[in-house]
Amino acid sequence: MKEDEGPQVLFEGVGITADEGFAAAWKSELIGLALTDHRGATSGWNRGYEIVAGAPSTADPGAWLERIHPDDRDELLRQGTATVRGGPEFAARYRIVRPHGDTRWVHAVTLPVVRDGRTRALIGAVFDITDDIENATTVVQERSAELEQLIHIIAHDLSSPLRAVSSFAQLLERNHAGELSHEAQGFIEEIVTGTARMRELLTDLQSYLQTLRSDDEPEEVDLNAIVAECLGLVQQAATACGATIEVADLPTVVGVPPLLRAVFTNMLTNALTYHQPGASPHIWLTSKPVGNRHQISFSDDGIGIPAHEHDRIMRPFVRLHGVEDYPGTGMGLAIVHRALRRHGTALTISDRKSGSGTTLSFELRHPPNHSQSLDRSFALE
Amino acid sequence: MEEEVRILLVEDMPSDAQLTHIALRELGIANHIERVRSGEDALTALRNLTEGSAAFGIVLLDLKLMGMDGVTFLETAKEEGLVEGIPVVVLTSSTLESDRDAALAAGAADVVKKTHDWDEWVRRLGDLLNQHIGANSTHR
C-alpha cells in the first residue's frame, strides 16, 4: 500500500490527476454519488445517483430526507448528524422512495470532507441492492413456510398419537385396574407420566419454533398490558407458592406481542419454579430509559444460575436440575433468548446485586417519532 | 340421552375414532354414530341424505384428514347447502390459533380441543353435544 503518499501521487503514478480519477467515478452510472454541504443541502449528484434514487426535487437543506423511507429516517438522520459533528464515515442500508413512488433498497456510504478540523461537506455513494434484498426475502419466506409446516406437525401430527397413548392408558387405569397386578398399574402410571412430559416438551418446542418465525410485524406495545396478561396466566402457580410480585410502571415499546408474552410468561414461570426451598419467592420487574431504548430488569430471590452456565442455559432443552427437584423442560430461557433476539436485543443474566437470586435484563426500543419532531437539516451551526 | 340423534363422525385416525366412540358410549349415545374416514366420504354421506334418509343432528369433524382437509370439506359442504341446520363441530388435536380461526371462518359451529385428560375430554364432548343438539348426558 502507498496510502501515505496521498491520492495525488497514486494517480500520478498511473499518469492521471486525482481530478481525472474522481471525474471517472462521477461519470459512472453504476455508482450513485451525491454531494451535500454541512447543513445537508444537496449541491450536486451524478447520473448514477439519478438512476438509483431519481433526481432530487430541491437542493434545500434536509430535502434529501423526504426521499428516505419514513421508517429509516430517524436512524439515518442520527448517523448523518453524528458525522457532520465530527463523527466518522458510516455505511447504512435504507430505502429510498423514488419520485414516482416506488421504493429501492440501497447500501450507502457517507464520507465527511474535513478541512481545518471541521466537516465542510458530505459525499454519499449509493448502490442499489434491491434485487439482493428481494432474493434474501424469498429465501426467508421459504424458510418461514418450512418452519410453519414443522410447527403444524408438532401441533397436530405428533400430538395426536401421544394423546391416543395417554387416553388408552388412562382408560386402562380407570376401567381395568382391578384386573391388573400392582406392578402393571405402576407401569400404566409411568406411561401417563411419560406422555404428559412428552406433551410439555412438544408444547415448549412449538413455542420455541414460533419465536423463529419472521412474519410477525413489530408494533407499539404497552408492556403493562402484556405483563398483566402474563401474571394472569401464572396466577395459580404464584398463589400456590405464596409469591410476592412487584411490577413498576412499564413503558410502551416496539415489539411483537406474542413473543413478548412468551418472554414474560417464561421469566415468571422460572422465578416461580426455581425459588429457595421452603421460601416464598419475591420477584421485581422494573424499567429505566437508556437512550432511545428502555432497559427492562426482572429480578428474583431464587436459587440463582451459576455464572459458568449463563450461556448454556439459553440453549434449548438445557436443564441444570433434575426433574424430580424442579419440574420443567429446560426451554424457558431458550424461548426468552430467541424471542428477544427477534427484537434485536440480547438477554443478560447476572447475579442479583443484593441477596440471592438472578437478574435478567434486556433492552427494547422506544416507539419512533417518524422524524416529525426532528430537525431535518444537520444544523451544525 | 332423551332423544336419538345421528352423529356423523369424520375421523381418519382409527385410535382417535375409537376414543370418540368410547367417550360417546360413556355419554350414553354410542349407538347413533356413523363414522367416515375422509372429507370426500363425508360429503357423499351428506349428499345421500337428500334421497330420504334421516338427517344427521351434528357433524363431528377432525381437521387434518387424508385427502381433503376438514376446512375444505366444511367449505364445500356449506357451498352445496349440505349442512344447513346441522352444526359442524371441529374436534382437533391442534394447539394452533390459526387452525381454530380457519375452522370458524369456514363455518364451524364450534372448535373443541382434544384434551389429553380423559375425564376432561368426555366432559367437553358432553357439553358441546348438550349445547348444539340438546343431547343430555347421563355421564357422571
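The rules behind the values
- Residues numbered from 1 in each chain as written.
- Chains lettered and ligands numbered in written order.
- Predicted model: local features only at pLDDT ≥ 70, side-chain atom pairs only at ≥ 80, totals over all residues.
- Heavy atoms only, no water.
- Pairing = 2+ DSSP bridges.
- Helix = DSSP H or I, 4+ residues; strand = E, 2+ residues; numbered from the N terminus.
- Axes fitted to C-alpha atoms, helices over the stretch in contact; angles between N-to-C directions.
- Contact = heavy atoms within 4.5 Å.
- Buried < 20%, exposed > 50% of the residue type's maximum accessible area, 1.4 Å probe, protein only.
- Core = buried A, V, L, I, M, F, W, Y, C linked by side-chain atoms within 4.5 Å.
- Buried area = accessible area lost by both parts, 1.4 Å probe.
- Salt bridge = Lys/Arg side-chain N within 4 Å of Asp/Glu carboxyl O.
- Polar contact = N/O pair within 3.5 Å; in protein donor to acceptor, adjacent residues only side chain to side chain.
- Nonpolar A, V, L, I, M, F, W, Y, C, P; charged D, E, K, R; others polar.
- Patch = residues over 30% accessible without salt bridge, like charges linked within 9 Å, V, L, I, M, F, W, Y side chains within 5 Å.
- Areas by Shrake-Rupley, 256 points an atom, 1.4 Å probe, with all protein chains shown as cover.
- Phe/Tyr/Trp six-rings, centres within 6.5 Å; stacked < 30°, edge-to-face > 60°.
- Lys NZ or Arg CZ within 6 Å of the ring centre and 35° of its normal.

Draft legend 1. Spatial organisation of the sheet that holds strand E3 (residues 58–62) of chain B. Residue and element names in this part refer to chain B. In spatial order, the strands read E2-E1-E3-E4-E5; together these 5 strands make up an open sheet with parallel pairing. Across the chains shown, the open sheet's two edge strands, defined by having one partner strand only, are strand E2 (33–36) and strand E5 (110–113). Recorded for the sheet is a direction-independent mean angle of 20 degrees between the axes of neighbouring strands. The sheet strands contacting helix H5 (residues 118–133) are strand E1 (7–10), E3, strand E4 (88–92) and E5, and the helix crosses E5 at an angle near 170 degrees.

Draft legend 2. Representation of the side chain of A:Arg95 in the model. Residue and element names in this part refer to chain A. Mapping Arg 95 onto the fold places it in strand E3 (residues 90–97). The class for Arg 95 is buried, based on a relative accessible area of 18%. Leaving out residues up to four positions away in the same chain, Arg 95 has contacts with Arg 67, Ile 68, His 69, Asp 71, Asp 72, Thr 103, Arg 104 and Trp 105.

Draft legend 3. Spatial organisation of the nonpolar core. A:Phe264, A:Leu347 and A:Phe362 are the most contacted members of the largest nonpolar core, which has 36 residues in total. Elements with a contribution of two residues or more to this core: helix H7 (223–240), helix H8 (257–273), strand E9 (282–290), strand E10 (293–300), helix H9 (332–341) and strand E12 (358–365) of chain A. Per-element tally for this core: the top contributor is H8(A), with 8 residues. The contact partners of A:Phe264, leaving out residues within four places of it in the chain, are A:Leu223, A:Ile226, A:Val227, A:Cys230, A:Leu285, A:Ile296 and A:Phe362. Within the second largest apolar cluster, 27 residues are counted, among which are B:Val36, B:Leu65, B:Leu74 and B:Leu82.

Draft legend 4. Layout of the interface of chain B and chain A. The partner chain A presents 20 residues to the 22 residues of chain B that form the contact. For the chain B face of the interface with chain A, the top three residues by lost area are B:Lys64, B:Leu96 and B:His116, together amounting to 38%. Joining chain B to chain A, the criterion identifies 4 salt bridges. Notably, a salt bridge pairs A:Asp157 with B:Lys64, separated by 2.5 Å at the nearest N-O pair. At the boundary of chain B and chain A, one finds 10 residue pairs in polar contact (both at pLDDT 80 or more). With 6 residues, helix H1 (residues 14–26) of chain B is the largest single contributor of residues to the side of chain B that touches chain A. Grouping the amino acids of the side of chain B that touches chain A by side-chain chemistry returns 5 nonpolar, 8 polar and 9 charged.

Draft legend 5. Examining the sheet that holds strand E1 (residues 32–37) of chain A more closely. Residue and element names in this part refer to chain A. Judged by pairing direction, the sheet is antiparallel, and its 5 strands sit side by side in the order E2-E1-E5-E4-E3 without closing on themselves. Looking along the sheet, the strands with just one partner apiece sit at the ends: strand E2 (42–45) and E3. Taking each pair of neighbouring strands and ignoring which way they run, the sheet shows an average axis angle of 30 degrees. Two elements, E3 and strand E4 (residues 103–115), share 8 bridges in a ladder whose sense is antiparallel. Bridge pairing in E4 places Arg 93 opposite His 107.

Draft legend 6. How the structure looks around a nonpolar patch on the surface. Residues A:Leu150, A:Ile153 and A:Leu158 make up a contiguous nonpolar surface patch of about 230 Å² in total accessible area. Exposure remark for A:Leu150: the relative accessible area of 40% places this residue in the partly exposed category.

Draft legend 7. Region of the structure containing the packing of aromatic side chains. Within this structure, the stated rule accounts for 3 aromatic pairs over all chains. A centroid spacing of 5.9 Å and a plane angle of 35 degrees characterise the contact between A:Phe22 and A:Trp26, whose relative ring orientation is tilted. On the criterion of helical spacing, the pair formed by A:Phe22 and A:Trp26 is a turn pair, its members being 4 residues apart in helix H2 (residues 18–27). On the basis of relative accessibility, which here comes to 42%, the residue A:Phe22 falls in the partly exposed class. Taking NZ or CZ as reference, A:Arg163 lies 4.6 Å from the ring centre of B:Trp121, over its face. Here the guanidinium or amino end of B:Arg6 rests over the ring plane of B:Phe56, the centre of that ring lying 4.3 Å away.

Draft legend 8. How the structure looks around the pattern of salt bridges. Scanning the entire structure with this criterion turns up 21 salt bridges over all chains. Ionic pairing is found between A:Asp102 and A:Arg98, a salt bridge with its closest N-O pair at 2.9 Å. On the accessibility criterion, A:Asp102 (32% relative accessible area) is partly exposed. Note that B:Lys114 and B:Asp62 form a salt bridge whose closest N and O atoms lie 3.4 Å from each other. With a gap of 52 residues between them, B:Lys114 in the loop between E5 and H5 and B:Asp62 in strand E3 connect regions that are remote in the sequence. The class for B:Lys114 is buried, based on a relative accessible area of 1%.

These results come straight from atomic positions and should not be treated as a statement about function.
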